[in-house]
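# Observations on chain architecture
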Amino acid sequence: MSRYQELKKNLFGGTTSNARQFGMIFTLVAIVLLFQVLTDGLTLTSGNLIAVVSQYSYILILAVGMLMVIVAGHIDLSVGSVAAFTGIMVAKAMDEHNLPWPAAIAFGLLVGAAIGAWQGFWVAYAGVPAFIVTLAGMLLFRGANQYVGNADTVPVPEGFRKIGAGFLPEVGPDTGYNNPTLLLGLAACVAVVWREWRARQVRQQMGADLTPLWVSGIRLAVMLGVIIFATLRFAGGRVGTSLPISGIILAALVIAYSFYTRNAAGGRHIYAVGGNARAAELSGVKLRRVNFLVMTNMGILAALAGMIFVARSAASGPQDGLNWELDAIAAVFIGGAAVSGGLGTISGSIIGGLVMALLNNGLQLEGVGSDRVQIIKGLVLLLAAALDVYNNKQGRFSVFGSIMRPFKRDDGSSPPDTTSPPSGEADTADKADKATATG
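Every value quoted in this text rests on a predicted model; they were computed, and no experiment measured them.

Parameters at a glance
Residues numbered from 1 in each chain as written. Predicted model: local features only at pLDDT ≥ 70, side-chain atom pairs only at ≥ 80, totals over all residues. Heavy atoms only, no water. Helix = DSSP H or I, 4+ residues; strand = E, 2+ residues; numbered from the N terminus. Contact = heavy atoms within 4.5 Å. Buried < 20%, exposed > 50% of the residue type's maximum accessible area, 1.4 Å probe, protein only. Arc of directions from axis to C-beta. Salt bridge = Lys/Arg side-chain N within 4 Å of Asp/Glu carboxyl O. Core = buried A, V, L, I, M, F, W, Y, C linked by side-chain atoms within 4.5 Å.

This brings us to the side chain of Asn361. Within the secondary structure, Asn361 sits in helix α16 (residues 346-365). Residues in contact with Asn361, not counting those within four places in the same chain, are Asn48, Val52 and Tyr56.

Glancing now at helix α8 (residues 158-165). Listing the buried residues of α8 in full gives Phe160, Ile163 and Gly164. Looking straight down α8, one finds that the buried residues subtend no more than 95° of arc, so they occupy a single side. In this structure, the buried residues of α8 make contact with α4 (46-71), α5 (79-97), α6 (101-124), α11 (245-263) and α14 (287-313).

This next bit is on the pattern of salt bridges. In the structure shown here, the tally under the stated rule is 5 salt bridges. The salt bridge partner of Lys92 is Glu96, with a shortest N-O separation of 2.8 Å. Here Lys92 pairs with Glu96, and both are found in helix α5, just 4 residues apart, close to one helical turn. Here Lys92 falls in the buried class, since its relative accessible area comes to 18%.

Counting 67 residues, the largest nonpolar core has Ile61, Leu62, Met66 and Phe160 as its most contacted members. At 14 residues, α14 tops the list of elements feeding residues into this core. With residues near it in sequence (within four places) discarded, Met66 still touches Asp76, Val79, Met298, Ala328, Ile329 and Val332. Counting residues in hydrophobic clusters, the runner-up holds 25 residues, among them Leu44, Leu49, Phe234 and Leu243.

In this section: helix α15 (residues 324-334). Taken across its 11 residues, α15 has 8 buried, putting it largely inside the fold. Of all the positions in α15, only Trp324, Glu325, Ala328, Ile329, Ala330, Ala331, Val332 and Ile334 are classed as buried. Just past α15, the residue Gly336 takes up positive phi, approximately 105°.

So yeah, pure geometry; function would need other evidence.
This is the structure:
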């Protein structure tokens, strides 16, 4: 194995799954650098990065839930309408019934859970395809949003706006930066170093192959460099702005769901169902419960995304949530998920979402009209699929190739997947990753 291949495989976690994100990460970096040059340095300014997180955090939250839905082999077209309906219900509850904003947030999450459970029942127990159920939900809850709100905007109180338009407070001595943001960045650096050290310790104890020390050093340097750069940018914004509260909520969700999907039994069941539902059921996985919980979870996250958007907008309106489902689905597929299910990661979806967010932001900074922005975003999505097909023809890892491989005859005409390790190596690495997380 060449040094480049070794670096590609191990740079972002030491597993084949994470190595598949290698190209997408470089795509993200290329987009950032391109617009950094074209906009004369505006892309990476503190104000712009803060605005990107604030403007697109709700889409990335939707992408977290959509990834689990797609991995399970389904699709959810209703998330934008569910977010809009939840937003108007919460706004009405606070405006007309004087519900305190903390209770309103809990009420909104319950509304989302109820809608998700409703759609989950039809998918899991009635056997109606998720595409049909959520298409009906898209129409149903879009109409319900306009009916309940009477097609008017409904304002929300100041306290509620913090979850969408708030920032970490200014506390402590005057350092020229936002101190809570600096502390979060320091904690993230410590966590990354500890995780890398712990991973090497566990692999050594289990007798697994250790990642070359030079690769670990490069990986740590890259990750620490990104964390430090982002910390200083977010902490160095104008007084009163820093890391958005919505960004903290997103980060917490990414960490929690990444751990759940990679290490918890329930998360592994989702991948098993998406990979081969019948085999998973024969292995003891409760198929209906998994599908029900995936759809319910999507409803909760859609409700959260809707409330964050309403909080940032300071009011709920009839046009909220339009086309959100398309952005969330695009983020998941660009991030490497398979159409047929069973493949994809939370981090990959976030990377895909950031690609779309920074592309959209850069085009806006360049003054490109919304019509051309949509055209370019569509071409980017198509290009991602085309590159995947090309990789399949070249014998590299391919999402579409993985989907079609079971339907091809084993006649030696298809090139092998050269990125997959031998079964023993994959099992050993997987066990080591599990032990690291539980340790």
